[in-house]
There are 2 protein chains.
Amino acid sequence: MTKPTLFENITEVSEDVRNFFISKLEEIQAEKGYKLETAGEVSKYLYYIAEGSARSFYIRENRDITVSFSLEGEFVTAMHSFITRSPSYETIETLEKSLLYRISYNDLQECFKKFPDLERVYRMILEKYYIALEEQMIFSKFKSARERYLELMEKKPKIIQRASVGHIASFLDMTIETLSRVRAKI
Amino acid sequence: MTKPTLFENITEVSEDVRNFFISKLEEIQAEKGYKLETAGEVSKYLYYIAEGSARSFYIRENRDITVSFSLEGEFVTAMHSFITRSPSYETIETLEKSLLYRISYNDLQECFKKFPDLERVYRMILEKYYIALEEQMIFSKFKSARERYLELMEKKPKIIQRASVGHIASFLDMTIETLSRVRAKI
DNA sequence: CTGACATTTTGACTTTTGTCAAGGCTAGTT
DNA sequence: AACTAGCCTTGACAAAAGTCAAAATGTCAG
């Protein structure tokens, strides 16, 4: 997996633009549990997961609530904070040894200024982000605990292996006990 | 409320760009129940609500499920369909007599080509859309039926007046009966 | 004003999920 | 092997919300 792969499914931009953008990317070899973003701080980077996976979560009333899992080939950041430049309420960490590329907020803005074409790339990332969120929301709206688990198994089976029962349960919006019972009856 | 208001909170663009964009806007005087987008069709327009309000919903298993309410000053479209150019699964209709401005997908793309600056405007609309969705998702994740209703009352009191119990109940992800009981105890 | 129809509320009961507590399993350490 | 800590499962019970049905209320055309 090389840097340019990052662009593959995004859009066609000129060689110059691409090279400039790539020059701003920083490669991160992350161990399991590496923190990409930390709650309380303003999100600094937009990450691309070349290999590995990550989990976004926040703490509320002493509970650790997973809001999303991200896999290879996806972009991830604490989007709310990244957009608003206000402190993030979520923390993002790798679920395993991962290879990441990241670009800082400021460099990204510089890219936009220099090459408005890149606005389009970012727009498309945002669109993907949005669609993923919308789909998750709608899917979770009707389904029972059991159906939500089955859907996760089908859509992101890798998560079932990588994440703990606690992470999965909070992501699927049920208690650990309910998840445990659901799993027992498959 | 005039066309330029639409830009007020968005960003500064040059007079030329603004005028070109405005020239592409179409004004719609909509009666209550006017359909902005229809399930099964590809979303054609991005709407701006100058006055009034709208409801997005879809039908599943014979139930009418409200996914969002939009108020004055907000943009609205069947975003998933608008982005992917695939048939929409949602329908959007006005909840009351409304004044709308809309721009077609093609005109918007033309704007982007001619004035890359406008990509930024659209990006910001997307960002707002994203943040609203994320907030709604997180808020609905912890709260009881009662708390979800109280929060809606606080955040969008106008909706409580305009929408029917059925619309509100499906939006808050509870049955009509539960909502009725919640309201009885306030 | 009245009747017809749609919407909302209320009641009785069921189902789903959550809570609390106990017990089991596994991996790492001594 | 025994001990510990963390994680997961199971059971008994409680709480929240859903379902179905009936009654009350609202809306509106005639």
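About the thresholds
- Residue positions within a chain follow its written sequence, with the count starting from 1.
- To label them, take the chains in the order written and letter them from A, then take the ligands in the order written and number them from 1.
- Predicted model: local features are reported for residues with pLDDT of at least 70 only, side-chain atom pairs are reported and counted for 80 or more only, and whole-chain, interface and lining totals are derived from all residues.
- The basis for every side-chain value is the complete set of heavy atoms in the structure, and neither hydrogens nor water enter the calculation.
- Helix and strand labels come from DSSP, where a helix needs a run of H or I of at least four residues and a strand needs a run of E of at least two; each type is numbered from the N terminus.
- Put simply, the radius of gyration uses C-alpha atoms, and a globule should come to 2.2 Å times the residue count raised to 0.38.
- Using a 1.4 Å probe on the protein chains alone, a residue whose accessible area is under 20% of its type maximum counts as buried, one over 50% counts as exposed, and one in between counts as partly exposed.
- Residue contacts are defined here by distance: any two heavy atoms, one from each residue, within 4.5 Å place the two residues in contact.
- In this description, accessible areas are obtained by the Shrake-Rupley approach with a 1.4 Å probe, and a residue is regarded as covered only by the protein chains that are shown.
- In this charge count, Lys and Arg are treated as positive and Asp and Glu as negative; neither His nor the chain ends contribute.
- Taken as the charge centre is NZ of Lys, CZ of Arg, CG of Asp or CD of Glu, depending on the residue.
- Paired strands are those between which DSSP finds at least two bridges.
- Only the stretch in contact is used when a helix axis is fitted, and all axes are lines through C-alpha atoms; the angle between N-to-C directions ranges over 0 to 180 degrees.
- To superpose the copies, least squares is applied to the C-alpha atoms of every residue with a pLDDT of at least 70 in both.
- Think of it this way: one heavy atom of a residue within 4 Å of a molecule or strand is enough to make that residue near it.
- Any pair of nitrogen or oxygen atoms within 3.5 Å is treated as a polar contact; in protein, a donor-acceptor pairing is required on top of that, and neighbouring residues in sequence qualify only through side-chain atoms on both sides.
- Only Asp, Glu, Lys and Arg are considered charged, only Ala, Val, Leu, Ile, Met, Phe, Trp, Tyr, Cys and Pro nonpolar, and every remaining residue, Gly among them, polar.
- Each pair of aromatic rings taken from Phe, Tyr and Trp, with Trp reduced to its six-membered ring, is defined by centres within 6.5 Å and is described as stacked if the planes are under 30 degrees apart, edge-to-face if over 60, and tilted in the remaining cases.
- The rule is short: NZ of Lys or CZ of Arg within 6 Å of the ring centre and within 35 degrees of the ring normal puts a charge over the ring.

A. Quick look at the overall build of chain A. Check the secondary structure of chain A and you find eight helices and eight strands. Taking 186 residues into account, the globule formula puts the C-alpha radius of gyration at 16 Å, and chain A, at 17 Å, falls close to it. Burial status across chain A gives 53% buried among its 186 residues. Sequence separation of 24 or more characterises 72% of the internal contacts of chain A that already satisfy a separation of 6 or more. When the accessible surface of chain A is totalled, it reaches about 8,900 Å², and 50% of it is carbon and sulfur. Across chain A, 28 positive and 29 negative side-chain charges occur, with their mean positions spaced 5 Å apart.

B. Looking closely at the sheet that holds strand E3 (residues 45–51) of chain B. Residue and element names in this part refer to chain B. Pairing in this open sheet of four strands is antiparallel, and the strands run E1-E8-E3-E6 from one edge to the other. Only two strands of the sheet have a single partner each, and these edge strands are strand E1 (26–30) and strand E6 (75–76). Inspection of the sheet shows E3 paired to E6 by two bridges, in the antiparallel sense. Within E6, the residue paired with Tyr48 across the bridge is Phe75. Across the sheet, helix H4 (residues 105–114) touches E3 and strand E8 (98–104), and the angle it forms with E8 is around 60°.

C. Structural view of unusual backbone geometry. Residue and element names in this part refer to chain A. Backbone geometry at Arg85 places phi at a positive 60°, although glycine is not the residue there. With respect to the secondary-structure elements, Arg85 resides in the loop between helix H2 (79–84) and strand E7 (91–94). One non-glycine residue, Asp173, lies in positive phi territory at about 65°. With respect to the helices and strands, the residue Asp173 is situated in the loop between helix H7 (165–171) and helix H8 (176–184).

D. Molecular detail of the relation of the copies chain B and chain A. Each copy of the sequence occupies a distinct position, and chain B is placed on chain A by a rotation of 180° and an axial shift of 0.0 Å, giving an RMSD of 0.0 Å. Accordingly, the operation relating the two chain copies is best matched by a two-fold axis. By residue overlap, the copies meet face to face through one surface: 100% of the interface positions of chain B are interface positions in chain A.

E. Molecular detail of the protein's contact with DNA strand D. The local shell around DNA strand D holds 16 residues, among which Ser180(A), Arg181(A), Ala145(B), Thr178(B) and Arg181(B) are the closest. When atoms of DNA strand D within 4 Å of the protein are split into backbone and base, the sugar-phosphate part holds 62%. For DNA strand D, a phosphate oxygen lies 3.4 Å from a polar atom in the backbone of Val165(A). At 2.9 Å, a side-chain N or O of Arg181(B) approaches a base oxygen of DNA strand D. Elements that contribute at least two residues to the surface near DNA strand D include exactly H7 and H8 of chain A together with helix H9 (176–184) of chain B. It is H8(A) that provides the largest number of residues to the surface near DNA strand D, a total of five residues. Within the surface near DNA strand D, the residues separate by chemical class into five nonpolar, six polar and five charged.

F. Structural view of the packing of aromatic side chains. Throughout the structure, instances matching the rule amount to 16 aromatic pairs over all chains. Ring geometry for Tyr45(A) and Tyr47(A): centres 5.9 Å apart, planes at 65°, overall edge-to-face. Residue Tyr47(A) is classed as buried on the basis of its relative accessible area of 1%. Measuring from centroid to centroid gives 5.2 Å for Phe112(B) and Tyr122(B), while their planes differ by 45°, and the two rings are tilted. Placement of Phe112(B) in helix H4 and of Tyr122(B) in helix H5 (residues 117–142) is noted, with a sequence separation of ten residues between them. A cation over an aromatic ring shows up here: Arg55(A) above the ring of Phe57(A), its NZ or CZ 4.0 Å from the ring centre. The ring of Tyr45(B) has Arg102(B) lying over it, and the distance from NZ or CZ to the ring centre is 3.7 Å.

G. Representation of the protein's contact with DNA strand C. Residues in contact with DNA strand C amount to 15 residues; listed here are only the nearest, Ala145(A), Thr178(A), Arg181(A), Ser180(B) and Arg181(B). Backbone atoms, meaning sugar plus phosphate, form 60% of the atoms of DNA strand C positioned within 4 Å of the protein. A distance of 3.4 Å is found between a phosphate oxygen of DNA strand C and a backbone nitrogen or oxygen belonging to Val165(B). Examining the composition of the surface near DNA strand C, we find that five residues originate from one element, H9(B), more than from any other. A per-class count over the surface near DNA strand C returns five nonpolar, five polar and five charged.

H. Representation of the pairing of strand E5 (residues 63–71) of chain B within the structure. Residues and elements named next belong to chain B. Where strand E4 (residues 53–60) meets E5, eight bridges bridge the pair, whose relative direction is antiparallel. Bridge pairing in E5 links Arg60 to Arg63. Taking the residues between adjacent antiparallel strands as the criterion, E4 and E5 are bridged by two residues, where Glu61 takes a positive phi near 50°.

I. View of the sheet that holds strand E2 (residues 35–37) of chain B. Strand order across the open sheet formed by four strands is E2-E7-E4-E5 (chain B), with antiparallel pairing between neighbours. Edge positions in the sheet fall to E2 and E5 of chain B, since each of these pairs with one other strand and no more. Here the strands of the sheet are splayed against their neighbours by 30° on average, with no regard to which way each runs. Across two bridges, E2(B) lies against strand E7 (residues 91–94) of chain B in antiparallel orientation. Of the residues in E7(B), the one forming a bridge with Lys35(B) is Glu93(B). Packed onto the sheet, helix H4 (residues 117–142) of chain A meets E4 and E5 of chain B and runs at close to 140° relative to E5(B).

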